[in-house]
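Overview (structure and organization)
Listed below, chain by chain, are the residues.
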Amino acid sequence: MLVLHRLRHPLPRPLLASSISSCWSSTTKGERRPAMASSSSSASAAVVAEGSAARRFWIAASTREAAFAAYTPFLLSLAAGNLHLDGFRHYIAQDAHFLHAFARAYEMAEDCADDDDDRATIAALRKAILQELNLHASVLKEWGVDPTKVIPPSAATTKYTDFLLATAAGKVDGAKGSDKMVTPFEKTKIAAYTVGAMTPCMRLYAYLGKELTAFLKQDENHPYKKWINTYASSDFEDNALQIEELLDKLSVSLTGEELEIIGKLYQQAMKLEVEFFSAQLVDQPIVAPLSRYCGAKYKLLVFSDFDLTCTVVDSSAILAEIAILSFQKSSQSGIDNTLDRTKSADLRNSWNMLSKQYMEEYEECMERLLPSEESKSLDYDQLYKGLEVLAEFEKLANSRVVDSGVLRGMNLEDIRKAGERLILQDGCKNFFQKIGRTRENLNLDIHILSYCWCAELIRSAFSSVGCLDGVNIHSNEFAFEGSVSTGEIDRKMQSPVDKVEKFKSIKSGTDSTTPSLSVYIGDSVGDLLCLLEADIGIVVGSSTSLRRVGKQFGVSFVPLFPGLVEKQRQLTEQDASVFKARSGVLYTVSSWSEIHAFILGSDFS
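This report concerns the structure included in the present document.

The rules behind these values
- Residues numbered from 1 in each chain as written.
- Predicted model: local features only at pLDDT ≥ 70, side-chain atom pairs only at ≥ 80, totals over all residues.
- Heavy atoms only, no water.
- Helix = DSSP H or I, 4+ residues; strand = E, 2+ residues; numbered from the N terminus.
- Buried < 20%, exposed > 50% of the residue type's maximum accessible area, 1.4 Å probe, protein only.
- Contact = heavy atoms within 4.5 Å.
- Areas by Shrake-Rupley, 256 points an atom, 1.4 Å probe, with all protein chains shown as cover.
- Disulfide = S-S within 2.5 Å.
- Pairing = 2+ DSSP bridges.
- Axes fitted to C-alpha atoms, helices over the stretch in contact; angles between N-to-C directions.
- Polar contact = N/O pair within 3.5 Å; in protein donor to acceptor, adjacent residues only side chain to side chain.
- Salt bridge = Lys/Arg side-chain N within 4 Å of Asp/Glu carboxyl O.
- 1 Å grid on protein atoms, 1.4 Å probe; cavity = no way out; pocket = protein on both sides within 12 Å on 5 of 7 lines; lining within 4 Å.
- Points joined across faces, edges and corners; volume = space filled by probe spheres on them.
- Nonpolar A, V, L, I, M, F, W, Y, C, P; charged D, E, K, R; others polar.
- Core = buried A, V, L, I, M, F, W, Y, C linked by side-chain atoms within 4.5 Å.
- Parallel < 35°, antiparallel > 145°, perpendicular 65-115°, else oblique.
- Left-handed = near helix turned anticlockwise from the far one by under 90°.

**Focus: the overall build of the chain**
For the chain, the helix and strand inventory stands at 22 helices and twelve strands. When each of the 605 residues of the chain is scored for burial, the buried share is 57%. The contacts of the chain with a sequence gap of at least 6 include a subset with a gap of at least 24, amounting to 79%. Surface exposure of the chain reaches about 24,700 Å², of which carbon and sulfur atoms provide 50%.

Pasting the structure below:
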């Protein structure tokens with residue numbers, strides 16, 4: 001398929017994990033905005049003044065860790081309201097250990113602060129923690145836990161509290177302890193480090209509280225309503241803002257190197273928070289991570305598109321550019337060029353004309369395949385027929401490109417080097433690398449289904465980041481004479497129909513002794529049939545045409561996190577899967593971190 005219609009509107013790099021429960025839409029072509037910001041999106045956007053240290057640290061850490069925290073079995077079950085009571089009791093007992101460490105860290109930070117206002121702020125924050133601890137005893141009683149009974153901290157809890165108290169003691173990057181520091185500035189620096197290690201917990205809990213309030217509206221008798229309301233409250237948000245403002249103030253006099261240390265402490269605290277949530281006891285059926293849900297019951301088949309799903313740019317533009325530069329290099333070498341080409345400027349003009357023609361005719365094709373009335377439910381058969389029209393258009397467009405000769409003369413080594421330089425979407429590399437590391441322990445196969453003209457580009461892209469092992473690539477191939485492209489394409493996959501037929505062929509060829517569960521990850525209309533045929537279809541990005549076509553044929557788009565909470569509510573001890581192909585529901589995400597968290601879990605799951 002010639003994917004020129006997306007060249008001018010590449011998928012934006014994922015923004016914040018605060019859009020975990022937001023879906024995306026587009027207004028006019030090329031304009032993208034969140035269609036339904038979550039309750040915490042606006043709050044986190046106004047967390048602190050633009051450019052503040054606290055704001056930068058939250059953005060850097062939240063894209064990955066906030067998603068990993070939210071998608072833990074503990075928080076998904078809690079959000080669904082069906083977390084077993086023993087699991088919640090274990091959590092609040094562990095949380096009490098952490099609150100004690102938090103109060104002690106505040107006390108140590110207060111001793112190190114040099115400014116009266118800073119000490120007063122820290123004292124107020126410590127007082128809030130002590131009040132929370134006083135309430136904790138009554139909460140423990142309410143949930144059937146004897147507050148006088150000592151419940152030992154888990155390994156994850158101890159790891160977290162040890163880190164926090166070591167930071168508060170000045171044991172950072174091999175530095176001497178705060179008790180050996182002489183100057184007020186040295187002690188103030190330790191106060192800044194300590195606040196930097198405490199701030200992410202406050203912001204993350206405020207974020208999660210607001211994310212989970214949506215589920216209280218669906219269930220007025222939610223058993224964990226009080227817990228959610230505590231962290232969604234304006235009082236808790238005020239405390240989170242207060243510590244962020246304190247971090248900004250304490251950071252003003254620090255060097256770039258010292259700010260970098262705070263950033264590392266912030267990131268480490270976020271990771272320990274995820275580990276803390278991941279370690280909570282959840283002895284019940286859960287929908288995430290999906291690899292755990294499948295276990296030995298299902299063979300997990302993961303499919304993904306490549307261009308603009310895995311990458312930030314479209315491969316067709318890259319390949320065309322390689323072709324143009326290859327011609328320029330050949331012309332400048334003084335060697336007689338026997339290929340039937342015009343000057344490089346004419347070659348570029350030819351490409352631009354093909355692109356323009358494709359864009360115009362693609363829009364016309366979209367208009368032709370859309371039904372006059374919006375379907376009330378999924379009409380898969382009519383959608384298939386409509387996309388057969390698109391399939392013929394894509395084949396014709398590819399023929400034009402081949403006939404133009406713009407793809408002739410590319411060196412295989414140049415293609416491989418271009419693949420090595422391809423930038424993958426944030427989190428995509430980590431996802432495939434984890435599959436590579438853990439594949440032997442997973443009952444999982446992964447396939448790439450792509451319209452890319454040259455599969456070697458895909459192989460090179462994955463190989464360069466160490467995640468080609470185990471990835472099955474199904475795409476088109478260039479024809480080569482020696483190591484130089486002839487301009488012809490071995491057209492194995494050109495259209496939505498080609499993709500879905502390959503998808504079904506792979507599924508049907510899977511060992512029938514074990515039922516399979518399939519996931520498809522895509523971003524465009526070309527992925528729509530596969531997204532719907534999969535048991536779980538996940539949409540990355542903000543393609544206007546995908547949503548427009550899908551909606552017209554009765555497809556619903558649901559943010560992944562609330563979608564999984566609903567599935568968690570439906571989950572029982574029975575063997576039947578809660579995920580079904582052709583359900584008409586597709587799940588939207590804002591980053592690959594969400595996909596990673598859902599399918600594989602965090603590194604601590």
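Once you've had a look at it, read on.
**With respect to the state of the cysteines**
In total, this model carries zero disulfides according to the counting rule given. The cysteine Cys-467 is free of any disulfide, with Cys-428 supplying the nearest cysteine sulfur at 7.1 Å.

**Overview of the sheet that holds strand β7 (residues 477-481)**
If you trace the three strands from one edge of the open sheet to the other, you get β4-β8-β7, paired in antiparallel fashion. Of all the strands in the sheet, the pair left with one neighbour each is β4 (408-411) and β7. Taken over all neighbouring pairs, the strand axes of this sheet differ in orientation by 55° on average, direction set aside. With four bridges joining them, β7 and strand β8 (residues 484-490) adopt antiparallel strand pairing. Bridge pairing in β8 links Phe-478 to Ile-489. The strands that helix α15 (residues 412-421) touches are β4 and β7; relative to β4, the one it contacts most, it runs at about 60°.

**A look at the side chain of Ser-591**
Here Ser-591 shows up in the loop between β12 (585-589) and α22 (592-599). We classify Ser-591 as buried; its relative accessible area is 4%. Side-chain polar atoms of Ser-591 contact the backbone nitrogen of Ser-593, separated by 3.2 Å.

**Some details on the pattern of salt bridges**
On inspection of all chains with the given rule, the structure shows 28 salt bridges. In this structure, Arg-348 engages Glu-321 in a salt bridge whose closest nitrogen and oxygen atoms are separated by 3.0 Å. Within this pair, whereas Arg-348 is found in helix α13 (residues 344-369), its partner Glu-321 is found in helix α12 (residues 315-332), the two being separated by 27 residues in sequence. Two residues, Glu-456 and Arg-459, come together in a salt bridge whose shortest N-O distance is 3.1 Å. With a gap of three residues between them, Glu-456 and Arg-459 both fall in helix α17 (residues 455-464), about one helical turn apart. A relative accessible area of 16% places Glu-456 in the buried class. Shared partners join several salt bridges into a network, and the residues in it are Arg-203, Lys-210, Glu-237 and Glu-244.

**Notes on empty space enclosed by the protein**
Overall, the coordinates contain two cavities of 30 Å³ or more when judged by the stated rule. In this structure, the largest cavity occupies an estimated 80 Å³ of space. Among the secondary structure elements, those contributing two or more residues to the lining of the largest cavity are α4 (85-112), α5 (116-142) and α7 (184-218). Its residues placed into classes, the lining of the largest cavity shows nine nonpolar, no polar and two charged.

**Focus: the environment of Glu-413**
Residue position: Glu-413 is located in helix α15. A relative accessible area of 37% means that Glu-413 is categorised as partly exposed.

**Overview of the nonpolar core**
If you look at the biggest cluster of nonpolar residues, it comprises 154 residues, and the most contacted ones within it are Phe-432 and Phe-598. The element contributing the most residues to this core is α7, with 17 residues. Grouped together as the second largest cluster of nonpolar side chains are 38 residues, Met-366, Tyr-451, Val-500 and Leu-531 included.

**Here's the deal with the packing of α4 against α5**
Contact geometry of α4 with α5 gives a least axis separation of 9 Å together with a crossing angle of 160°. Viewed along their axes, α4 and α5 adopt a mutual orientation that is roughly antiparallel. Where α4 crosses over α5, the two elements pack in a sense that is left-handed. Along the contact surface, α4 presents Ile-92, Ala-93, Asp-95, Ala-96, Leu-99, His-100, Phe-102, Ala-103, Tyr-106, Glu-107, Ala-109 and Glu-110, while α5 presents Arg-119, Ile-122, Ala-123, Leu-125, Arg-126, Ile-129, Leu-130, Glu-132, Leu-133, His-136, Val-139 and Leu-140. Looking at the contact of α4 with α5 residue by residue, the classes come out as 16 nonpolar, two polar and six charged.

**A look at helix α20 (residues 544-552)**
Those residues of α20 not exposed but buried are Ser-545, Leu-546, Arg-547, Val-549, Gly-550 and Gln-552. With its phi angle positive at about 90°, Gly-554 sits one or two positions after the end of α20.

**Focus: the packing of helix α2 (residues 53-70) against α22**
Axis separation between α2 and α22 bottoms out at 9 Å; the angle between their running directions is 30°. Between α2 and α22, the angle is such that the two are roughly parallel. As α2 runs across α22, the sense of the crossing is right-handed. Residue-level contacts link Thr-63, Arg-64, Ala-67 and Phe-68 of α2 to Ser-593, Glu-594, His-596 and Ala-597 of α22. Among the residues making up the contact of α2 with α22, the classes are represented as three nonpolar, three polar and two charged.

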